[in-house]
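Observations on the three-dimensional arrangement
Each chain, letter by letter, is given below.
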Amino acid sequence: MLEHVELFFKSIFIDNMVFATFLGMCSYLAVSKKVTTAVGLGAAVIFVLAVTVPLNWLLDQYLLQEGALSWLGPEYADYNLSFLSFILFIATIATMVQLVEIVVEKFSPGLYNSLGIFLPLIAVNCAILGGSLFMQAREIPSLGLAFNYGLSSGIGWFLAILTIAAIREKIRYSNVPPPLRGLGITFIITGLMAIGFMSFGGMLTGGDEEVAAPAPQVTQEQEEDVKNTKEEADEQTVSFNQAIKE
Amino acid sequence: MALLSKKDSNLILDPLADNNPITIQVLGICSALAITAELNASIVMALSVMFVLGLGNVVISLMRGIIPSKIRIIVQLVVVATLVIIVDQVLKAFAYELSKTLAVFVGLIITNCIIMGRFEAFALGNGPWRSFLDGIGNAAGYGLILVIVGFFRELLGSGTLLGFPVLGDPITKTGLYSIGYENNGFMLLSPMALIVVGIIIWIQRSRNRALIEEN
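First, a word on scope: everything that follows refers to the structure included in this document. Note that this is a predicted model, so its numbers are computed, not measured. (Residues numbered from 1 in each chain as written. Chains lettered and ligands numbered in written order. Predicted model: local features only at pLDDT ≥ 70, side-chain atom pairs only at ≥ 80, totals over all residues. Heavy atoms only, no water.)

Okay, the overall build of chain B next. Within chain B, the regular secondary structure consists of nine helices and two strands. The linear arrangement of helices and strands in chain B, starting from the amino end, is α-α-α-α-α-α-α-α-β-β-α. C-alpha extents for chain B along the principal axes are approximately 65 × 45 × 40 Å. Burial analysis of chain B (215 residues in total) assigns 50% to the buried set. Contacts in chain B between residues at least 24 apart in sequence constitute 73% of all its contacts with a sequence separation of at least 6. Taken as a whole, chain B presents about 9800 Å² of accessible surface, with 68% of it coming from carbon and sulfur. Of the side-chain charges in chain B, 14 are positive and 13 negative, and the distance between the mean point of each set is 8 Å. (Helix = DSSP H or I, 4+ residues; strand = E, 2+ residues; numbered from the N terminus. Buried < 20%, exposed > 50% of the residue type's maximum accessible area, 1.4 Å probe, protein only. Contact = heavy atoms within 4.5 Å. Areas by Shrake-Rupley, 256 points an atom, 1.4 Å probe, with all protein chains shown as cover. Lys, Arg positive; Asp, Glu negative; His and termini not counted. Charge placed at Lys NZ, Arg CZ, Asp CG, Glu CD.)

Okay, here's the thing in structure tokens:
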């Protein structure tokens, strides 16, 4: 249980996909102009990550790893198919996204209308493939943890795109120097937010027993921190503008 | 450029500046930021992308008549994944240390938006030779930004270039360090990559006002 809690908060805050590893930056920058679309894409990312990471975990465990085929019989025990992981992972993701799209369209037209247009975009979002590849690289030990990892990394991504979309909606009213408008200022704000998120790094550095125990209490503070980070970024840009005016 | 007609040479030169994949088209940001703490990792990444994009564009362009448009994304993914597996295996065989540094980011070339973006925007509608030039050009534009970012991050962050100490030795205090210069370790951390790219965009758009976006 404790390892679940630890992994959950670690993937959301410390190893945040956008701020620590820059995964899914393309859609993060392209779709963050409005909060409503950002929420739609964020929700779709959570959903697809939570489905594909455990699925790819099963593939990795029973097909790709060295010795993974030993369930077929002892003569297959020393096969190592891990060079196939890229192609298999991406095929799983593309298929799952299509499947999810078809199922959602059939059974929940409402959800399809809000999520549907984002699903095809997601097959080529690096956050999704990155989630599976990091799951493989970090050797996540069980199916439950793999699901947890997919879900919480998705939530981390959602949080990141939501905050940047909110900031970008506000920044429209401020006087950014013309060459920085649009893309440039978004990069710099993201950089400042990433610096803010680095402060979460101290969260899980205690001894093994102390690690997970304080985590649930810390969360409220963290949520405040997220708000603070966001406000800080806002303030930064505001003071920047004032400086320009002066 | 006697080898290439004017139209063809533009295919290579445009992405280097006014139509740069990273700073203007906003494609392929993830890997550009994550692996640029060292210059040689940036160079290897740029070469890998050039290989994948150049060949991938040719393959897609040759198959453009026979790919049904409904399943083209999956076909494109398979082509890229195959090329990326080749790159990954070559790196593992000949540059093992470097492939450890690049880690999952070699695999993430598959979902690098530059690749899919160029397949969709160019290779599906043009012949193989022009597609090849377009692929090389865009990969070069991508590589240019990677090398610039990697250069500044490695120089200011660890005082080396390609692993050679160019500013003197920080421990024995030679070169610049003898007058009190310190490495800025912050440059090696991930947020600074974003800020460096932001500054590059700033400089580029200040020089060419036509590129300025609406707020």
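Now that the structure has been shown, we can carry on.
What follows concerns the interface of chain B and chain A. Between chain B and chain A, the residue contacts involve 44 residues of the former and 42 residues of the latter. Summed over both sides, the interface between chain B and chain A buries roughly 3700 Å², with carbon and sulfur atoms accounting for 82% of that surface. Linking chain B with chain A are zero salt bridges, by the criterion used here. Scanning the region where chain B abuts chain A turns up zero residue pairs in polar contact (both at pLDDT 80 or more). Mapped by element, the contributors of at least two residues to the side of chain B that touches chain A are helix 2 (29-34), helix 4 (72-94), helix 6 (104-107), helix 7 (113-121) and helix 9 (190-207) of chain B. Ranked by residue count, the leading element in the side of chain B that touches chain A is helix 9 of chain B, at 11 residues. A per-class count over the side of chain B that touches chain A returns 29 nonpolar, 10 polar and five charged. (Buried area = accessible area lost by both parts, 1.4 Å probe. Salt bridge = Lys/Arg side-chain N within 4 Å of Asp/Glu carboxyl O. Polar contact = N/O pair within 3.5 Å; in protein donor to acceptor, adjacent residues only side chain to side chain. Nonpolar A, V, L, I, M, F, W, Y, C, P; charged D, E, K, R; others polar.)

Residues and elements named next belong to chain A. With respect to the helices, strands and loops of the structure, Asn113 is situated in helix 6 (residues 109-115). Since its relative accessible area comes to 61%, Asn113 is described here as exposed. With 73 residues separating them along the chain, Asn113 and Gly40 place their C-alpha atoms 9.9 Å apart.

Geometric values such as these leave the question of function open.
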